[in-house]
Amino acid sequence: VADPLSVLVQLLAKLPGVGEKTATRLAFHILKAPPSYAQELARAVVDVKERLRPCSVCFHLTEQDPCAFCSDPRRDSALLCVVALPQDLMAIERTGSYRGRYHVLHGVLSPLDGIGPDELRIQPLLERLGRGEIKEVILATSPNVEGDATALYLAGLIKPLGIRATRIASGVPIGGELEYADGVTLNRAFESRRDL
Ligand SMILES: [Zn+2]
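Calculation notes
- Residues numbered from 1 in each chain as written.
- Predicted model: local features only at pLDDT ≥ 70, side-chain atom pairs only at ≥ 80, totals over all residues.
- Heavy atoms only, no water.
- Helix = DSSP H or I, 4+ residues; strand = E, 2+ residues; numbered from the N terminus.
- Contact = heavy atoms within 4.5 Å.
- Areas by Shrake-Rupley, 256 points an atom, 1.4 Å probe, with all protein chains shown as cover.
- Lys, Arg positive; Asp, Glu negative; His and termini not counted.
- Charge placed at Lys NZ, Arg CZ, Asp CG, Glu CD.
- Pairing = 2+ DSSP bridges.
- Right-handed = clockwise from strand over helix to strand, strands pointing away.
- Axes fitted to C-alpha atoms, helices over the stretch in contact; angles between N-to-C directions.
- Parallel < 35°, antiparallel > 145°, perpendicular 65-115°, else oblique.
- Nonpolar A, V, L, I, M, F, W, Y, C, P; charged D, E, K, R; others polar.
- Phe/Tyr/Trp six-rings, centres within 6.5 Å; stacked < 30°, edge-to-face > 60°.
- Buried < 20%, exposed > 50% of the residue type's maximum accessible area, 1.4 Å probe, protein only.
- Salt bridge = Lys/Arg side-chain N within 4 Å of Asp/Glu carboxyl O.
- Left-handed = near helix turned anticlockwise from the far one by under 90°.
- Donors = N, O, S within 2.8 Å, 3.2 Å for Na, K, Ca; no water.
- Tetrahedral: all angles 85-135°; square planar, octahedral: opposite > 155°, others 65-115°.

**Some thoughts on the overall build of the chain**
Part 1: Regarding its fold elements, the chain presents eight helices and seven strands.
Part 2: The dimensions of the chain, computed from C-alpha atoms along their principal axes, are 60 × 35 × 35 Å.
Part 3: Contacts in the chain between residues far apart in sequence, at least 24 positions, make up 56% of those at least 6 positions apart.
Part 4: Just so you have it, the chain exposes about 11,400 Å², and 58% of that area is on carbon and sulfur atoms.
Part 5: Taking the average place of the 23 positive charges on the side chains of the chain and the average place of its 24 negative ones, the gap between the two points comes to 3 Å.

What follows is the structure, given as structure tokens:
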């Protein structure tokens, strides 16, 4: 049986961007920290897997359904921001300036990986748009090949419904990942969005 320290190092080393060296440093950090930290960390890891579910309206991951963004009466229901992943939504929320609603696709179109429209939450998006409340859809997928293709595809479905489809400006570096963009850049990308 492997000792607990090696097990922890091996598990941490499976995280993206974490090699054996960093994993060892993190494991010793956890070992030195107060017991309460280790317990909270372990509980948080289990909780994200056991307690979070996709929101039945926007598909963001949430404990309460509908999620806080869908149930907040102060948010603008005429404005909908479409993102690829929950972490993109979180990056936009961190800017603190967007006050509309969201829709999470859970991916982008990627024919080479077998990801077509049916693999994304596009049908529920069209059902939401059909209810008539939404006036503008901001397509905030990352400005790279797949993100652009997904935005164009969606614009082709949205515009015939008489709803405005806009694309965030590529203030986010071309080919960049939305979730890593800083707040100022992301803000600018939203403000200078253009019609598709
Ligand atoms: Zn929601």
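**Some details on the pairing of strand β6 (residues 164-167)**
Part 1: As paired strands, strand β5 (residues 136-139) and β6 are joined by four bridges and run parallel to one another. Across the sheet, the residue bridging to Glu136 is Arg164, located in β6.
Part 2: After leaving β5, the chain enters helix α7 (residues 145-158) and then returns to the sheet as β6, a path that is right-handed.
Part 3: Sheet topology places β6 next to strand β7 (residues 194-195); two bridges connect them, and they run antiparallel. Of the residues in β7, the one forming a bridge with Arg167 is Arg194.

**Examining the packing of helix α5 (residues 86-95) against helix α8 (residues 183-191)**
Any two packed helices are characterised by the angle at which their axes cross and by the distance between the axes.
Part 1: Here α5 crosses α8 at 95°, and the two axes come no closer than 9 Å. Looking at the two axes, α5 sits roughly perpendicular to α8. In contact with Ala91, Ile92 and Thr95 of α5, α8 contributes Gly183, Leu186, Asn187 and Phe190.
Part 2: Split into classes, the residues belonging to the contact of α5 with α8 amount to four nonpolar, three polar and no charged.

**Focus: the packing of aromatic side chains**
For any pair of aromatic rings, the description rests on two quantities: the centre-to-centre distance and the angle between the ring planes.
Part 1: For the structure on display, the rule yields three aromatic pairs.
Part 2: Arranged with centres 5.6 Å apart and planes meeting at 55°, the rings of Tyr98 and Phe190 form a pair that is tilted. Within this pair, whereas Tyr98 is found in the loop between α5 and β4 (100-104), its partner Phe190 is found in helix α8, the two being separated by 92 residues in sequence.
Part 3: Given a relative accessible area of 6%, Tyr98 falls into the buried group.

**Digging into the pattern of salt bridges**
A side chain with one charge may pair with a side chain of the opposite charge, provided their charged atoms come close.
Part 1: By the definition in use, this model includes nine salt bridges.
Part 2: Residues joined in a network through salt bridges with shared partners are Glu136, Arg164, Arg193 and Asp195.

**Some words on the packing of helix α1 (residues 4-12) against helix α2 (residues 20-32)**
Part 1: At a minimum axis distance of 8 Å, the contact between α1 and α2 shows a crossing angle of 130°. On the basis of their axis angle, the class for α1 and α2 is oblique. Of the two possible hands of crossing, α1 and α2 adopt the one that is right-handed. Every residue of α2 that contacts α1 at Leu5, Leu8, Val9 and Leu12 is listed here: Glu20, Ala23, Thr24, Leu26, Ala27, Phe28, Ile30 and Leu31.

**Describing the sheet that holds β7**
For sheets, the rule is that strands pair by backbone hydrogen bonds, running either parallel or antiparallel.
Part 1: Taken together, five strands build an open sheet; the order of strands is β4-β3-β5-β6-β7 and the sheet is mixed. Either end of the sheet is taken by a strand with one partner, and the two such strands are β4 and β7.
Part 2: α7 contacts β3 (76-83), β5 and β6 of the sheet and is inclined by roughly 170° relative to β6.

**Here we look at the side chain of Arg128**
Part 1: Along the chain, Arg128 falls in helix α6 (residues 122-129).
Part 2: Here Arg128 is buried and forms no salt bridge, its nearest opposite-charge partner Glu133 lying at an N-O distance of 7.7 Å.
Part 3: Not counting residues within four places of it along the chain, the set of residues in contact with Arg128 comprises Val57, Cys58, Leu80, Arg101, Tyr102, His103 and Ile134.

**Considering the coordination of the zinc ion**
Part 1: For the zinc ion, the protein coordination sphere consists of Cys55 (SG), Cys58 (SG), Cys67 (SG) and Cys70 (SG), at 2.3 Å.
Part 2: Classification of the site at the zinc ion as tetrahedral follows from its four donor atoms and the range of 103 to 117° in their angles at the metal.
Part 3: Within one chain, the residues donating to the zinc ion are spaced in sequence as C-x2-C-x8-C-x2-C. As far as burial versus exposure is concerned, Cys67 and Cys70 are alike and both buried.

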